[in-house]
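Letter by letter, the chains look like this.
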2 protein chains.
Amino acid sequence: MAEAKAFHAHDHTGCRGAALAHAEAVARDKGLRFTPVRRRALEILLEEHRALGAYDVLERLSADGFGAQPPVAYRALEFLVEHGFAHRIRRLNAFTACAHPGDAHAPAFFICESCDSVAEAPAEPVLTALRKEAAHIGFTVSRMNIEAVGTCPACAAGSPA
Amino acid sequence: MAEAKAFHAHDHTGCRGAALAHAEAVARDKGLRFTPVRRRALEILLEEHRALGAYDVLERLSADGFGAQPPVAYRALEFLVEHGFAHRIRRLNAFTACAHPGDAHAPAFFICESCDSVAEAPAEPVLTALRKEAAHIGFTVSRMNIEAVGTCPACAAGSPA
DNA sequence: CATCTCTTGTTATGTTATTACATTTCTATT
DNA sequence: AATAGAAATGTAATAACATAACAAGAGATG
């Protein structure tokens, strides 16, 4: 099973390249247009293992010569989220690159309240439990978000990121 | 086990009264000040089985003679959430009265994308599954929100609320 | 009744997100 | 290659959500 990498040292440059390559491959397969803004937006998210606000992304995009108005960022981010290349963290009003591209998707997010890092972990058992509750009340789930706030291992150990 | 009532006919006046009575009792026990604004804010939330935005609540509060500025609503709502009398639905930027006051709290929310109703269901199994994932990556969970978007039974049956 | 704390009210501002519309770019088809 | 339709982008304007900072009032405690 894939681990939540954000809390551990890893080949960061590699994970960036892989995510981009994956997005490109998926786009080709599905006939999506992985345009420059969209690509750049994903790169921006991949540059950090924390969630970025739409306006943070916008700032960087416009610094790179793209439009400077909010919809530029929101549209690019919406595209990334819609196709599973990124996720939206409601609790933070922010976005983060998908850490497990290609996996079946029912991710849970673990947000450290001390250092703001965000880890994404696959959460099939959580999803299963939730679907069961839903079935119980006759509700059909189409999307969901599962977000936990707490303390990451590094901060618990006294060495905040 | 308690059911998600929002999707079924029930004694609505009764559930309102019970929730208020419960809040009063808890406040007495814990020495909280269940002041007029706070009480009225809870009543307002109880008047609907859907989530209300802070500004919706504010509008009603100020119509009742309370202050007309955002902090009035945000503070009252914060109090209610902090003490478990209400919940915040991040996905909707909105608040809803707690449907299971007194129960141990790890609620999941089911949001109907067709009629905007929100059901709250106890979700201990979900919580358990999530804690297990968290333990796996060394993360300590302090709070969480679990929100599912989909279709409620009534809307699925073609009779949106 | 003096004081301390909590709560409320208000002003001002900060942050996040969307609507609407003009323009350009891409794609498919001729 | 020309062109019509669809998708994407850029921009302006504004809507919706949320908080900081401070003054004034209400309740508890000694």
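Residues numbered from 1 in each chain as written. Chains lettered and ligands numbered in written order. Predicted model: local features only at pLDDT ≥ 70, side-chain atom pairs only at ≥ 80, totals over all residues. Heavy atoms only, no water.

Chemist: Would you mind going over the sheet that holds strand β4 (residues 118-122) of chain A in detail, with residue names and values included?
Modeler: Paired through backbone hydrogen bonds, the strands of a sheet run either parallel or antiparallel to each other. Spatially, six strands are ordered β4(A)-β3(A)-β5(A)-β5(B)-β3(B)-β4(B) in an open sheet, and the strand pairing comes out mixed. On the outer flanks of this sheet lie β4 of chain A together with β4 (118-122) of chain B, each paired with one strand and no other. Averaged over all pairs of adjacent strands, the angle between their axes in this sheet comes to 20°, without regard to strand direction. In terms of strand pairing, strand β3 (residues 107-112) of chain B meets β4 of chain B through five bridges, oriented antiparallel. Within β4 of chain B, the position partnered with Pro107 of chain B by the bridge is Pro122 of chain B. (Pairing = 2+ DSSP bridges. Helix = DSSP H or I, 4+ residues; strand = E, 2+ residues; numbered from the N terminus. Axes fitted to C-alpha atoms, helices over the stretch in contact; angles between N-to-C directions.)

Chemist: Residues and numbers for the protein's contact with DNA strand C, please.
Modeler: Surrounding DNA strand C, one finds 17 residues, the nearest of these being Tyr55 and Tyr74 of chain A together with Thr35, Gln69 and Arg75 of chain B. Counting only the atoms of DNA strand C that lie within 4 Å of the protein, the sugar and phosphate share comes to 55%. Side-chain polar atom of Arg88 of chain A to a phosphate oxygen of DNA strand C: 3.0 Å apart, as the coordinates give it. Taking Arg75 of chain B, its side chain carries an N or O atom lying 2.3 Å from a base nitrogen of DNA strand C. For the surface near DNA strand C, the elements supplying multiple residues, two or more each, are α4 (70-82) of chain A together with α2 (36-46) and α4 (70-82) of chain B. Grouping the amino acids of the surface near DNA strand C by side-chain chemistry returns eight nonpolar, four polar and five charged. (Near = heavy atom within 4 Å. Polar contact = N/O pair within 3.5 Å; in protein donor to acceptor, adjacent residues only side chain to side chain. Nonpolar A, V, L, I, M, F, W, Y, C, P; charged D, E, K, R; others polar.)

Chemist: Tell me about the side chain of Arg91 of chain A, and please be specific about residues and values.
Modeler: Among the secondary structure elements, Arg91 of chain A is positioned in the loop between β1 (86-89) and β2 (94-97). Among buried Asp, Glu, Lys and Arg side chains, Arg91 of chain A stands out as unpaired, with Glu147 of chain A the closest opposite charge at 5.7 Å. Polar side-chain contacts of Arg91 of chain A include one of 3.0 Å to the side chain of Asn145 of chain B. If near-sequence neighbours (up to four positions away) are discounted, Arg91 of chain A is found in contact with Ile111, Glu147 and Val149 of chain A together with Arg90, Arg143, Met144 and Asn145 of chain B. (Buried < 20%, exposed > 50% of the residue type's maximum accessible area, 1.4 Å probe, protein only. Lys, Arg positive; Asp, Glu negative; His and termini not counted. Salt bridge = Lys/Arg side-chain N within 4 Å of Asp/Glu carboxyl O. Contact = heavy atoms within 4.5 Å.)

Chemist: Any details on the pairing of strand β5 (residues 140-151) of chain B? Residues and values, ideally.
Modeler: Here eleven bridges tie strand β5 (residues 140-151) of chain A to β5 of chain B, and the two strands are oriented antiparallel to one another. Each residue of the ladder has a partner; that of Val149 of chain A, found in β5 of chain B, is Arg143 of chain B.

Chemist: Tell me about the interface of chain B and chain A, and name the residues and values.
Modeler: Contact residues are listed per partner, giving 39 residues for chain B and 39 residues for chain A. Inspection of the chain B/chain A interface yields two salt bridges. Notably, a salt bridge pairs Glu113 of chain A with Arg143 of chain B, separated by 3.4 Å at the nearest N-O pair. Counting every contact that joins chain B to chain A gives 14 residue pairs in polar contact (both at pLDDT 80 or more). At the level of secondary structure, the elements contributing two or more residues to the side of chain B that touches chain A comprise β3, β4, α5 (124-136) and β5 of chain B. For the side of chain B that touches chain A, the element with the most residues is β5 of chain B, which contributes twelve residues. Residue composition of the side of chain B that touches chain A, by class: 25 nonpolar, seven polar and seven charged.

Chemist: Kindly report on the pattern of salt bridges, identifying the contributing residues and their values.
Modeler: Applying the stated criterion to the full structure yields 16 salt bridges over all chains. Note that Arg39 of chain B and Glu43 of chain B form a salt bridge whose closest N and O atoms lie 3.2 Å from each other. Taken together, the positions of Arg39 of chain B and Glu43 of chain B, both in helix α2 and four residues apart, correspond to about one turn of that helix. Through salt bridges with shared partners, a single ionic network connects Glu24, Arg39, Arg40, Glu43, Glu47 and Asp64 of chain A.

Chemist: Give a detailed account of the protein's contact with DNA strand D, specifying residues and quantitative values.
Modeler: Of all residues adjacent to DNA strand D, which total 17 residues, the nearest are Thr35 and Arg75 of chain A together with Tyr55, Tyr74 and Arg88 of chain B. Protein-proximal atoms of DNA strand D, defined as those within 4 Å of the protein, fall in sugar or phosphate at a share of 54%. With respect to DNA strand D, the side chain of Tyr55 of chain B contributes an N or O atom lying 2.7 Å from a base nitrogen. Between DNA strand D and Arg88 of chain B there is a distance of 2.8 Å, counted from a phosphate oxygen to a side-chain nitrogen or oxygen. When contributions to the surface near DNA strand D are tallied by element, the ones reaching two or more residues are α2 (36-46) and α4 of chain A together with α4 of chain B. Residues that form the surface near DNA strand D fall into these classes: eight nonpolar, four polar and five charged.

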